[in-house]
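Descriptive structure summary
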Amino acid sequence: MENLASPPLQSVRETFPVQGMTCASCAYSIETTLGKQAGVEDAAVNLAAQTVSITYFPNKILPTDIQHKLRQLGYTLLLPNASEPLDVEKLHQQVLQRLRLKAWGALGLSLPIFIWGMFYHHWHTGHWLSMVLALPVLAWAGQSFFVNAWRLAWQGKSSMDTLVALSTAVAYAVSVVNTVFSAWVQSWGLTSDVYFESATVIISFVLLGKLAEERAKYRSTAAIRRLMNLQPKQICVVRNGQNIEIPLAEVVMFDRILVRASERIPVDGKVIAGQSSIDESMLTGEPMPVEKTKGDQVFAGTINQMGSFTMLAEQVGSHTQLARLIQAVQDAQSSKAPIQHLVNRIAAVFVPVVMGLSLFTFALWLLIGGLPALALALNTSLSVLIIACPCALGLATPTAITVAMGKGAEAGLLIKDAEQLEKMARVKAIVLDKTGTLTQGKPSVESVTWMVEPDKQASYFALLAALESSADHPLAQAVVAYCVERKQASTLPILTSLEVIAGAGVKAHFEGKIYRVGKPEWLEQQGVVMPSLEQRNVPAAAFSIVCFAENQTLLAKINLHDVLKADTIQGIQALHAMGLHTYLLTGDRPAVAQIVAKQVGIQTWRALQTPSDKASFVQMLQEKGEKVAMVGDGINDAQALAVADVSVAMGKGTDIAMDVAGVTLLHNELGGLAALHRLAKYTLQIIHQNLFWAFAYNILCIPIAAGLLYPFTGFLLDPMLAGGAMALSSVSVATNSLRLFGVRLKDK
């Protein structure tokens, strides 16, 4: 009988923490190595989160096999352990603490070495002291540079770490020889200069840069941690007629879950008993609670504001909307391609060329140098290696970015992700959320229409404020704030039989009468005589309408709406003046979206947008070749913020949006977008200038260091002068970056 082939197993995708990654070369090495393994379909490293996402076939390769392969490269893949779960946050803190200790330790040891080298260069005892102090700087603080360079060398590759390791090692080795055997060196006609300060200062400054980078990496993962914290750790399920508290991980499909007031909903499902108001702003971005009754859908991470209800679990674990949102943010973060990696790609060619030139210079002068051939060969080859140290190249991008961040902070731009600043210069499309971005993001009273005489309104104002102050609802809070602003709520009457009806309103007794405030439909059900439907239509731009009644008599109708921010129209006009295209996306009604878009001058808008709809719209623009910036303030914007080329959050938005976004507008003003775009363009110009001068410096100075002028002028560049020239190149790059402080970001 013929054997039928079994169907192929499906691949699985898992994300694992990785220790030991320090640069883009590490990420590239891991991705290429894993990509060649049988059974691995895809591997994507998230350098910021220090994780690797692997798609693999379990029947061909296991996580333990992958762990063993990475261990051979010098990296540690951390696998989950049921008895001791991974504490990724603790691991991040440990890495940060070690790097901080090494950076400041190296700087402390380098300071006396630098003073002796610069001001007491011929003090021989200082050479011995410097040799001793420099050893831990290289062997302990700078260990990662040498380890990374060694790993890459075994793979036939190189990076900026290669030049740092090679130049500091050669500088230290030559300095040791010149210190220990100074008399012998001088007898050969060679100078016995030492370069301990060059080796240690280079390592110290590069470590300080890596410390700042690691802090940024840790901050970038805060968004994922906050999203995960939106789900409760313990939930109450109804099993066999009893309420049982269990961990969230133990909930299964079709469990009946009791959700009490002020609790977060743990999983996706539907209401099967009870009713309540749910704050779904994390998904929709709209501050208005949504009324839920039997049969309505509810979603993980949203907040039950009032009342208790029982729900049926329909989607659990990784299948909830919140889990998919978390995965979308993680995937988008992994897919970033930062411009600063260009330097590492160039270094992959530049570094071997410099090393080859150094060896070629040594061999050439050894052949044609005559009597002092060895002295000339050592002098020139060492000068080439030192003068080509990658300091200027390494500083070209980060110094400009650092200055830009400081400049941005002065203008209320918190730039947490340098990639965003670099990409903003090329942005042509701006996608904007409505609520909290263009508008204030909270309901406010637009008007109150009284059905009673003016002389009675003051006493009714106090009753209205007393009723609404008992309800924890955005509409109620807006009404109370309106009363307080008009000094109509200084003395509130004492109400009796106060009752808050979830999703409807509030009622109470006062002086033998019943007062109600809430939805028109609820008041009508309670027997209140209401105006005709035409008379009580909600204005298109209004959030909602609230009615206030005494017994069966309507006293007042209150219209509430979301107001545009003061600078919104001016901010949109500034973007249009810079040639940028703007788009409005909102979870609100089409009528509201249309009116707001018309008010601010945006031609293209979309209403009733879910988080995935917003992300899809951004991706559609990207597919057309547009560089897109997404601006939002809510959890519902996190997915679109993550997939956009540039992500911007408003300063008064949710923590999730601000953590996902690379830039936060601290002043909560839309005008900050134009300032951000202007700053980004100037910064990119400075980066290009820095890279040009860094390479021009090397192209001009390396031939001189190699002794090109010696046959014609007798000039030979001393290695110590080479170190000075190298430092000068770094200073020139940093000085050029400081010009960003003079850039005017806002038009007067």
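This is a predicted model, so every value here is computed, not measured.

Comments concerning the overall build of the chain
Looking only at helices and strands, one finds 26 helices and 26 strands in the chain. Classification of the 748 residues of the chain by burial places 52% in the buried group. Within the chain, residue pairs in contact and separated by at least 24 positions form 68% of the contacts whose partners lie at least 6 positions apart.

Observations regarding the nonpolar core
In this structure, Ile430, Leu432, Leu438 and Leu673 are the most contacted members of the largest nonpolar core, which totals 46 residues. Tallying contributions element by element places helix 24 (residues 672-705) first for this core, with 10 residues. Listed in part, the 31 residues of the second largest apolar core include Val448, Phe461, Ala465 and Leu555.

Focus: the sheet that holds strand 26 (residues 663-665)
Strand pairing in a sheet relies on backbone hydrogen bonds, with the paired strands running either antiparallel or parallel. On the basis of which strands lie adjacent, the open sheet formed by 7 strands has the order 14-26-25-24-15-22-23 and mixed pairing. Only two strands of the sheet have a single partner each, and these edge strands are strand 14 (413-415) and strand 23 (604-606). When strand polarity is set aside, the average angle formed by the axes of neighbouring strands in this sheet is 20 degrees. Pairing geometry for strand 25 (residues 646-650) and strand 26, over 3 bridges, is parallel. Bridge pairing links Met650 to Leu665 in strand 26. Here helix 21 (residues 611-623) sits on the sheet and contacts strand 15 (429-433), strand 22 (581-585), strand 23 and strand 24 (628-632); the angle it forms with strand 15, its principal contact strand, is near 170 degrees. Contacts between helix 24 and the sheet are confined to strand 14, strand 15, strand 24, strand 25 and strand 26, with strand 14 contributing the most and set at about 50 degrees to the helix.

Re empty space enclosed by the protein
The rolling of a water-molecule-sized probe over the atoms marks out the regions of remaining empty space. Under the criterion given, the structure shown has 4 cavities of 30 Å³ or more. Empty space within the largest cavity amounts to approximately 50 Å³. In this structure, the largest cavity is lined by Ile113, Trp116, Gly117, Tyr120, His121, Gly126, His127, Ser130, Val194, Phe196 and Glu197. Secondary-structure elements contributing two or more residues to the lining of the largest cavity are helix 3 (88-119), helix 4 (124-141) and helix 8 (196-220). A class-by-class count of the residues in the lining of the largest cavity yields 5 nonpolar, 5 polar and 1 charged.

Here's the deal with a nonpolar patch on the surface
Taken together, the side chains of Leu111, Phe114, Ile115, Met118, Phe119, Tyr120, Trp123 and Leu129 present a nonpolar region at the surface, about 810 Å² in accessible area. Sort the elements by how many residues they give to the nonpolar patch and helix 3 lands first, with 5 residues. Note on placement: Phe114 falls in helix 3.

With respect to the confidence of the model for the chain
Of the residues in the chain, 80% reach a pLDDT of 70 or more, and the chain-wide mean stands at 79. Taken as a whole, residues 1-7 scores under 50 in pLDDT and shows 0 contacts with residues more than four places along the chain or in a different chain. The model gives residues 332-337 a pLDDT under 50, and that stretch makes 13 contacts with residues more than four places away or in other chains.

Some points on the sheet that holds strand 5 (residues 234-239)
The strand order across the open sheet formed by 6 strands is 6-5-7-13-8-11, and the pairing between neighbours is antiparallel. Among the strands making up the open sheet, the edge pair consists of strand 6 (242-247) and strand 11 (297-298). Of the pairings in the sheet, the one linking strand 8 (residues 268-274) to strand 13 (residues 309-315) comprises 6 bridges and is antiparallel in character. Note that in strand 13 the partner of Val271 across the bridge is Met311.

Structural notes on unusual backbone geometry
Even without a glycine there, the phi angle at Ser262 is positive, about 75 degrees. Following the sequence through the fold, Ser262 ends up in the loop between strand 7 (256-259) and strand 8. Residue classification places Ser262 among the exposed residues on the basis of a relative accessible area of 60%. Of note in the backbone geometry, Ser497 takes a positive phi value of approximately 50 degrees without being a glycine.

Focus on the packing of aromatic side chains
As enumerated under the stated definition, the model contains 10 aromatic pairs in all. Taking 5.6 Å as the distance between ring centres and 65 degrees as the angle between the ring planes, the aromatic pair formed by Tyr583 and Phe617 counts as edge-to-face. Separated by 34 residues along the polypeptide, Tyr583 in strand 22 and Phe617 in helix 21 bring together distant segments of the chain. Comparing Tyr583 with Phe617, the two get one shared label, buried. Ring pairing ties together the aromatic residues Trp450, Phe461 and Tyr482, which thus form one cluster. Above the ring of Phe57, the side-chain terminus of Lys60 is found at 5.6 Å from the ring centroid.

Examining the pairing of strand 24
Across the 5 residues that make up strand 24, a large majority, 5, are buried. Where burial is concerned, the two faces of strand 24 agree: the one with Val628, Met630 and Gly632 and the one with Ala629 and Val631 are both buried.

Here is what the cut-offs are and how they apply
Residues numbered from 1 in each chain as written. Predicted model: local features only at pLDDT ≥ 70, side-chain atom pairs only at ≥ 80, totals over all residues. Heavy atoms only, no water. Helix = DSSP H or I, 4+ residues; strand = E, 2+ residues; numbered from the N terminus. Buried < 20%, exposed > 50% of the residue type's maximum accessible area, 1.4 Å probe, protein only. Contact = heavy atoms within 4.5 Å. Core = buried A, V, L, I, M, F, W, Y, C linked by side-chain atoms within 4.5 Å. Pairing = 2+ DSSP bridges. Axes fitted to C-alpha atoms, helices over the stretch in contact; angles between N-to-C directions. 1 Å grid on protein atoms, 1.4 Å probe; cavity = no way out; pocket = protein on both sides within 12 Å on 5 of 7 lines; lining within 4 Å. Points joined across faces, edges and corners; volume = space filled by probe spheres on them. Nonpolar A, V, L, I, M, F, W, Y, C, P; charged D, E, K, R; others polar. Patch = residues over 30% accessible without salt bridge, like charges linked within 9 Å, V, L, I, M, F, W, Y side chains within 5 Å. Areas by Shrake-Rupley, 256 points an atom, 1.4 Å probe, with all protein chains shown as cover. Salt bridge = Lys/Arg side-chain N within 4 Å of Asp/Glu carboxyl O. pLDDT = per-residue confidence, 0-100. Phe/Tyr/Trp six-rings, centres within 6.5 Å; stacked < 30°, edge-to-face > 60°. Lys NZ or Arg CZ within 6 Å of the ring centre and 35° of its normal.

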